[in-house]
Amino acid sequence: MPLAYTSLDHGNMHTMESMFLSYLRRDWPRAFIDEYFGWQFLDGDDCETVMALDEDRCVAMIHSSIRPYAIDGTPTRVRETDFWISEPEYRPFASFRVLQTLMAKPEPICAVTANDYVTSIFHRLKWQQLPDIQQMVLPVRASLLVKALANRLEKSVGELPRLAALPFRVPIRRPKRIPAPSSSASVREIMAADEIPHIVPPADEYAVVQLATPQDYDWFAAAPAPFGDFVWLAFSIGGKPVAYTISRIYPEGPCFGAKILHVQSAAKGPEIYGWVLSETSAHLAKRGADWIDARFSCPLLVEALDRVGYMTGRTDIAFWWPGAEKMPKGQYLISVLFRGEGLAPYPV
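Residues numbered from 1 in each chain as written. Predicted model: local features only at pLDDT ≥ 70, side-chain atom pairs only at ≥ 80, totals over all residues. Heavy atoms only, no water.

Participant: Please explain the overall build of the protein chain as it appears in this structure.
Facilitator: Along the backbone of the protein chain there are nine helices and 15 strands. In terms of overall dimensions, the protein chain is globule-like: its C-alpha atoms have a radius of gyration of 20 Å, near the 20 Å expected for 348 residues. Over its C-alpha atoms, taken along the principal directions, the protein chain stretches across nearly 70 × 50 × 35 Å. In the protein chain, which comprises 348 residues, the proportion classed as buried is 56%. (Helix = DSSP H or I, 4+ residues; strand = E, 2+ residues; numbered from the N terminus. Rg over C-alpha atoms; globule rule 2.2 N^0.38 Å. Buried < 20%, exposed > 50% of the residue type's maximum accessible area, 1.4 Å probe, protein only.)

Now the structure itself:
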């Protein structure tokens, strides 16, 4: 029988389980599978998962969600992809087909990858490659060595006993504190979606910027408990909001990792970026993070992370499909606000 192409819903969600959990190399309990799948793939009006079905079995899928971007200062709906998976025997036809289903939609699409095979497909389909995105990591405590050893052994840190990291939970590098731009500067934690300040990065500095929304706050707040805590910090000068950050701190076996998912700032520059990233990193370290990672396409943000003490990690590649819009030209500001990327590593 030919493959059937359809969208994920509650009625066919079971068809995707085997392939998806095999991809993550996870064997979750039934209750957690139901909770996670509903939250990740079906919560929210702007999510869609296209699947290729061989009878009652999903053999290829691509998940996407739509968020607002500012493109040349104009609010624009952009589709972001995260999970793009297929069974090996159905490549490349089925995996091409689910991707092309998204490409036929009017919205521009942004995708980030470190996979050579995926990169080759985007090039073949004439996607536009954007400047590289630099990942950075701050080793706050020596327990990062436990994670590095687990990776070397091709094991998950989450599988290790809690006692394994205790001897290594000693500080090795504290975030360097960058002075605030003004004596009137202040930092507070955002505790509700309606507390998020309205901040849009300067259009004359960035051609394309991801924008966080109150819906992001509510979605992260509804995450299953094993994904950890999502922390929003607001930065003000003279009582006026100038920036906010979104971060995640999560347990990973005997360790605690953290990610800076996003920076949204009304000003661009080393002074403001250094202060914002320094304070965010210090907050995460105080909350118990053994390491903190971040990834931005803007060289000034990467430079600010370097000043705080972060080390250079891998490089990811971003691609853009313009859809019915023109291809933007200029500086892109892309972070880890993508739904799937910010949630890795996944609970064991």
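Participant: How should the nonpolar core be read in this particular structure?
Facilitator: Nonpolar side chains tend to gather and get buried jointly when the protein is soluble and globular. Judged by nonpolar contacts, the single largest core of 40 residues is most densely connected at Phe-20, Tyr-36 and Met-61. Contributions of two or more residues to this core are made by helix 1 (17–24), helix 2 (30–42), strand 2 (47–54), strand 3 (57–71), strand 4 (74–86), helix 6 (214–221), strand 10 (229–237) and strand 11 (240–252). Filtering out sequence-adjacent residues up to four positions away, Tyr-36 remains in contact with Phe-20, Trp-28, Phe-41, Phe-83, Pro-224, Phe-227 and Tyr-346. (Core = buried A, V, L, I, M, F, W, Y, C linked by side-chain atoms within 4.5 Å. Contact = heavy atoms within 4.5 Å.)

Participant: So what exactly am I meant to see when it comes to the pairing of strand 5 (residues 109–113) here?
Facilitator: The side chains of a regular strand alternate between both faces of the sheet. Across the five residues that make up strand 5, a large majority, five, are buried. Note that strand 4 and strand 5 share two bridges and pair parallel. Within strand 5, the residue paired with Arg-79 across the bridge is Ile-109. Pairing of strand 5 with strand 14 (residues 311–321) involves five bridges; the strand directions are antiparallel. The residue bridging Ile-109 from the neighbouring strand is Trp-321, located in strand 14. (Pairing = 2+ DSSP bridges.)

Participant: Please explain the packing of helix 1 against helix 2 as it appears in this structure.
Facilitator: Pairs of packed helices are described in terms of their axes, by the angle between the two and the distance that separates them. Where helix 1 meets helix 2, the closest approach of the two axes is 13 Å, and the angle between their N-to-C directions is 95 degrees. Judged by the angle between their axes, helix 1 and helix 2 are roughly perpendicular. Where helix 1 approaches helix 2, its residues Glu-17, Phe-20 and Leu-21 are matched on the opposing element by Arg-30, Ile-33, Tyr-36, Phe-37 and Phe-41. Classifying every residue of the contact of helix 1 with helix 2 gives six nonpolar, no polar and two charged. (Axes fitted to C-alpha atoms, helices over the stretch in contact; angles between N-to-C directions. Parallel < 35°, antiparallel > 145°, perpendicular 65-115°, else oblique. Nonpolar A, V, L, I, M, F, W, Y, C, P; charged D, E, K, R; others polar.)

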